[in-house]
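Coordinates in review
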Amino acid sequence: MNHPELAMEAVRERLLAMRAELLEESESSREARDTVTLDQTSVGRLSRMDALQGQAMAKAEEERRQLALRRITTSLARIDRGEYGECIGCGEWIATKRLEWDPLVLKCIDCAE
């Protein structure tokens, strides 16, 4: 049974909206993660270093997005199995406010510590 104090359809819609936003961000930042050209005739050394740093930051952000997407998939699967809102540590219900703040949490506050 999913968390008794939450409207599961609203939670599902929020998770799907989060997923759509992450996928859109991922697509729009694809160019920033592309290989940086090392042609020094077209850009100077410092400009190339800036480009490499920007690429590294874009790749790190993409890794965070991919982690969030996996967490969203897990949360949607938990809704389908009727386990959403149940702490994976102790089996008690996660506080409603905690789930409203972050619908991807898997543990209650006690188990998260």
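Residues numbered from 1 in each chain as written. Predicted model: local features only at pLDDT ≥ 70, side-chain atom pairs only at ≥ 80, totals over all residues. Heavy atoms only, no water.

What about the overall build of the protein?
The condition that has to hold: Strands are runs of DSSP state E lasting at least 2 residues, helices are runs of H or I lasting at least 4, and numbering of each runs from the N terminus. Burial classes follow relative accessibility: with a 1.4 Å probe on protein chains only, a residue under 20% of its type's maximum area counts as buried, one over 50% as exposed, and anything between as partly exposed. By definition, residues are in contact when any of their heavy atoms lie within 4.5 Å. Using a 1.4 Å probe, accessible areas were evaluated by the Shrake-Rupley method; residue-level cover was limited to the displayed protein chains.
When helices and strands are tallied, the protein shows 5 helices and 0 strands. Secondary structure elements of the protein, listed N to C terminal, follow the sequence α-α-α-α-α. Counting every position in the protein, which comprises 113 residues, the buried fraction comes to 31%. The contacts of the protein with a sequence gap of at least 6 include a subset with a gap of at least 24, amounting to 59%. Approximately 7,600 Å² of the protein is accessible, and the part contributed by carbon and sulfur atoms is 53%.

Details of the pattern of salt bridges
Stated precisely, the cut-off is as follows: Think of a salt bridge as a Lys or Arg side-chain nitrogen and an Asp or Glu carboxyl oxygen that are within 4 Å of each other.
If you walk through the whole model with that rule in mind, you get 8 salt bridges. A salt bridge links D80 to R12, with the shortest nitrogen-to-oxygen separation between them at 2.9 Å. With D80 in helix α3 (residues 45–81) and R12 in helix α1 (residues 8–28), this residue pair connects regions lying 68 residues apart in the sequence. Of the charged contacts in the structure, one is a salt bridge between R65 and E61, with a shortest N-O distance of 3.9 Å. Taken as a pair, R65 and E61 lie in helix α3 at a separation of 4 residues, close to a single helical turn. E61 gets classed as partly exposed once you look at its relative accessible area, which sits at 32%. Among the charged side chains, a network of salt bridges with common partners joins E25, E61, E62, R64 and R65.

Some thoughts on the nonpolar core
Stated formally: Only buried residues count toward a nonpolar core. Its members are Ala, Val, Leu, Ile, Met, Phe, Trp, Tyr and Cys residues joined through side-chain atoms within 4.5 Å.
In terms of nonpolar packing, the biggest core is built from 17 residues, with V11, L15 and Y84 touching the most fellow members. Among the elements of the structure, α1 and α3 are those that each provide at least two residues to this core. Excluding residues that lie within four positions of it along the chain, L15 makes contacts with I72, S75, L76, I79, P103 and L104.

Some thoughts on α1
Note the threshold: Multiply 1.5 Å by the residue count of a helix minus one, and that product is the helix's expected span. Each C-beta atom gives one direction from the helix axis, and the arc is the one those directions make.
With 21 residues, α1 ought to run about 30 Å at 1.5 Å a step, and its terminal C-alpha atoms sit 30 Å apart, in line with that. Every buried residue of α1 is listed here: M8, V11, L15, L22 and S26. Along the long axis of α1, the arc covered by the buried residues comes to 60°, so they all point the same way. Away from its buried face by more than 90 degrees, α1 exposes E13, E24 and S28.

A word on the state of the cysteines
Cut-off, in case you're wondering: Cysteine sulfur atoms that pair up within 2.5 Å are treated as a disulfide.
Throughout the structure, instances matching the rule amount to 0 disulfides. For the unlinked cysteine C90, the closest cysteine sulfur is that of C87, found at 3.8 Å. Given a relative accessible area of 41%, C90 falls into the partly exposed group. Unpaired in terms of disulfides, C108 finds its nearest cysteine sulfur in C111, a separation of 3.7 Å. Relative accessible area serves as the criterion here: at 9%, C108 is assigned to the buried category.

Some details on the confidence of the model for the protein
How we decide: For every residue, the predictor states its confidence as a pLDDT score lying anywhere from 0 to 100.
Per-residue pLDDT for the protein has a mean of 88; in total, 87% of the residues score no lower than 70. When pLDDT is averaged over each helix and strand of the protein, the minimum, 66, is found for helix α2 (residues 30–33) and the maximum, 96, for helix α4 (residues 96–101).

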